[in-house]
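As a plain string of letters, each chain reads:
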Amino acid sequence: AGASEDVHVFRRLPERENARASFGLHRNAYLKRHFRDPYAGLDEARAILLCTELGIKTARLVGFGANKSAGTSLVMTQALDEHRPADQAWHEFTSARRDALLVETADLVRRLHEHRLFHRDLYWCHFFVKDLPQGGGELDIRLIDLQRVFRPASRPWRWQIKDLGQFLY
């Protein structure tokens, strides 16, 4: 893998920062560093692996780590360079493409909820969309920002309603 040639922080909040790391040869990764939660990176890595195992498309996990004594953690995923957020794609699409986007994102959410998994931040900006080159109008949709994904012990309907409310918003 090698060391990153460049890390560009594009969002900084008191509790975390988001960055893009470049490893050359068009290999890029998305890095999320948490400054106040030593478990956030691990939680997101676990959710990515679980979703991948269940056939729910997300960005590929590249790495994760934590420093419990410092209270920090990180997760690194494949950069979805050819994808764009669904809320952006919506404005670029024709009516027929919007219908396909609705159907395919709803199907992804259905599969997530079938496994009693809930995102808890299920806004359109967390669906990344790519037109597939086959020309048939198919889309590759990936769900990102999985650090809050969980499987509740009881009352899954409560979390499903919350997810769907965010999705519709």
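Residues numbered from 1 in each chain as written. Predicted model: local features only at pLDDT ≥ 70, side-chain atom pairs only at ≥ 80, totals over all residues. Heavy atoms only, no water.

Q: Would you mind going over the sheet that holds strand β3 (residues 28–34) in detail, with residue names and values included?
A: Here five strands make up an open sheet; going across it, the order is β1-β2-β3-β5-β4 and the pairing antiparallel. If you trace the sheet from one side to the other, it starts and ends with β1 (6–12) and β4 (61–67), each paired once. In this sheet, neighbouring strand axes are inclined to one another by 20 degrees on average, regardless of whether the strands run parallel or antiparallel. Relative to β3, strand β2 (residues 16–22) runs antiparallel, the two sharing seven bridges. Within β3, the position partnered with arginine 16 by the bridge is histidine 34. Across the sheet, helix α1 (residues 40–53) lies against β3, β4 and β5 (72–78), angled at about 30 degrees from β5, the strand it touches most. (Pairing = 2+ DSSP bridges. Helix = DSSP H or I, 4+ residues; strand = E, 2+ residues; numbered from the N terminus. Axes fitted to C-alpha atoms, helices over the stretch in contact; angles between N-to-C directions. Contact = heavy atoms within 4.5 Å.)

Q: Before we move on, can you summarise the pairing of β2 with the specific residues and values?
A: Within β2, five of the seven residues are buried, which leaves the element mostly enclosed by the surrounding structure. Here β1 runs beside β2; their pairing, made up of six bridges, is antiparallel. Looking across to β2, one finds that valine 7 is bridged to alanine 21. The hairpin formed by β1 and β2 contains three residues between the paired strands. (Buried < 20%, exposed > 50% of the residue type's maximum accessible area, 1.4 Å probe, protein only.)

Q: Outline the packing of helix α3 (residues 95–114) against helix α4 (residues 156–168), supporting the account with residue identities and numerical values.
A: Where α3 meets α4, the closest approach of the two axes is 12 Å, and the angle between their N-to-C directions is 165 degrees. In this view, α3 runs roughly antiparallel relative to α4, as classed from their interaxial angle. Considering only the axes of α3 and α4, their crossing is right-handed. Along its contact with α3, which presents Thr105, Ala106, Val109, Leu112 and His113, the element α4 presents Gln160, Asp163, Leu164 and Phe167. (Parallel < 35°, antiparallel > 145°, perpendicular 65-115°, else oblique. Left-handed = near helix turned anticlockwise from the far one by under 90°.)

Q: A description of the sheet that holds strand β8 (residues 139–143) should follow, citing residues and the corresponding values.
A: The three strands lie next to each other as β6-β7-β8, forming an open sheet whose pairing is antiparallel. Only two strands of the sheet have a single neighbouring strand rather than two, namely β6 (84–85) and β8. α3 rests against β7 (127–131) and β8 of the sheet, and its axis sits at about 40 degrees to β8.

Q: A description of the pattern of salt bridges should follow, citing residues and the corresponding values.
A: Within this structure, the stated rule accounts for 15 salt bridges. The salt bridge partner of arginine 20 is aspartate 81, with a shortest N-O separation of 2.6 Å. Here arginine 20 is found in strand β2, whereas its partner aspartate 81 is found in the loop between β5 and β6, with 61 residues between them in sequence. Taking relative accessible area as the criterion, arginine 20 reaches 32% and is therefore assigned partly exposed. Put simply, aspartate 145 and lysine 32 hold a salt bridge, and the shortest N to O gap is 2.4 Å. Note that aspartate 145 is positioned in the loop between β8 and α4 and lysine 32 in strand β3, a separation of 113 residues in sequence. (Salt bridge = Lys/Arg side-chain N within 4 Å of Asp/Glu carboxyl O.)

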